[in-house]
Every structure is written in structure tokens, then in C-alpha cells.
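Per-entry structural report
These are the residues of each chain, in order.
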Amino acid sequence: MPKTLKRRKGDFEAEAAFARLQELAREQTERLGPFADQARETAALRLQQARGWTAPRLEQAANRVEDTVAPRVADLLTIAAHKVEPSRARRGLIAARHGRRRVPRAVVLTGVATLGAVALYGALKLRQASQDAEWQENLDQAREQVRETRENLAAKARGARAKAGRSADAKAEPDAEGPKETAAAGAKGSAADLNGSAAK
């Protein structure tokens, strides 16, 4: 068989195979297209839900950091800056002595990192101190409540003791009068008996 015919036959087979592959891809696209659309819509919905859930929490966290940590860190950094800053006369003397040399970037970054660590440590210490103060205040309140309860119970016990003493005295007085009345009645009866026997 001549080479040209073989080449044409090979080209024809390649074209046929390519056409079959195209047809197969088209069929698979038609068959799997709805599933892909559905998966895309579901993924978009889930992404929207996740973003809707995450956004308020991120905003809330940002507000908490802004309200609690940021002011303390800013105050600590300002205090540290005032402590670190040299006096103006000394600063002018140093600048005149060293010319216009720039401070190396590594030194600046190290200083900033150190100040940040100090500020963070200070913020943590402030938070711990506030928690300790709150705990101490709660403990003092609990002690005060226990003391008031003890005083109330002692007052109630004294009142009950006094009431019990009064009721015991009240019971003892009628018992003492009863024998006196019996003795008096007996004496009257004896006297009447004596009078009656004397009359006879």
C-alpha cells in the first residue's frame, strides 16, 4: 500500500475518533449539565449562608477588640513612648554628635515588637487585676451577707429566748397562786368546822 494512502487512512481514522470523542463529550455534558448547575447553585447558597453567619461575628469581635483591648494598648504605647522619648536638649546633642545617621530597620522593628509585647503583657495584667478586684468585691459582699445573716439569727434567737422566759414565768405564777388559794379555802373550811362544833 502506498504511503500516501496509509497517511490518508490514518488521518481519516483520527478524524473519526475525534468526532466520536466530541459526540461522547456532548452527550456527557447534556447528561451531567443539570447536576453541575444544581451543584453550583447549592455551593453558592452555602457560601452565602456561611458569609451571612460569619460577618456579624467578625464585626462583633472587631467591636470587642476596639472597645476593650485597643484603648488599653494605645494608652500603654503612649506611656511607653513618653518614657522612651529623650529630652529635647539631649536629642539635639545626639543628632549633632552623630550627624544624620538613620537607625537600622532591625532595631526599629525590634523596638516596636518589644513595645507591642509590653503592651500586650500590660493589657493582660490589667485584665487579671480587674478580674481579681471583681472577685474580691464578690467575696466581700458574700462575707457581709453572712455577717448580716448571723446577726439576724442571733437577734431571732435572743427574741425566742426572751419569749420562752416570759411564757415560763407566766406558767409558774398561776401554779404558785393555786396552792395559796387551796390553803386559804382549807383554812376557811377549818374555821367553819370549828365554829360549827363550838355552836353544838
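So, how was this worked out
- Residues numbered from 1 in each chain as written.
- Predicted model: local features only at pLDDT ≥ 70, side-chain atom pairs only at ≥ 80, totals over all residues.
- Heavy atoms only, no water.
- Helix = DSSP H or I, 4+ residues; strand = E, 2+ residues; numbered from the N terminus.
- Areas by Shrake-Rupley, 256 points an atom, 1.4 Å probe, with all protein chains shown as cover.
- Salt bridge = Lys/Arg side-chain N within 4 Å of Asp/Glu carboxyl O.
- Buried < 20%, exposed > 50% of the residue type's maximum accessible area, 1.4 Å probe, protein only.
- Patch = residues over 30% accessible without salt bridge, like charges linked within 9 Å, V, L, I, M, F, W, Y side chains within 5 Å.
- pLDDT = per-residue confidence, 0-100.

1. Details of the overall build of the protein
Each helix and strand in the protein was counted, giving 3 helices and 0 strands. In the protein, the order of α-helices and β-strands from amino to carboxyl end is α-α-α. Total accessible area on the protein is roughly 17,900 Å²; 59% of this is exposed by carbon and sulfur atoms.

2. Considerations on the pattern of salt bridges
If you walk through the whole model with that rule in mind, you get 4 salt bridges. E23 is the salt-bridge partner of R26, the closest N and O atoms lying 2.7 Å from each other. With a gap of 3 residues between them, R26 and E23 both fall in helix α1 (residues 3-84), about one helical turn apart. In this structure R26 comes out as partly exposed when scored by relative accessible area, which is 43%. Residues E144 and R147 are paired through a salt bridge, measuring 2.2 Å at the closest nitrogen-oxygen approach. Taken as a pair, E144 and R147 lie in helix α3 (residues 105-199) at a separation of 3 residues, close to a single helical turn.

3. Considerations on a nonpolar patch on the surface
Taken together, the side chains of L77, V84 and L115 define a hydrophobic patch exposed on the protein surface, amounting to about 240 Å² of accessible area. For L115, the location among the structural elements is in helix α3. According to the relative accessible area criterion, L115 is partly exposed, its value standing at 32%.

4. Side note on the confidence of the model for the protein
Looking at the protein as a whole, its pLDDT mean stands at 76, while 72% of the residues score no less than 70. At the low end of the mean pLDDT range in the protein sits helix α2 (residues 88-98), at 57; at the high end sits α1, at 82.

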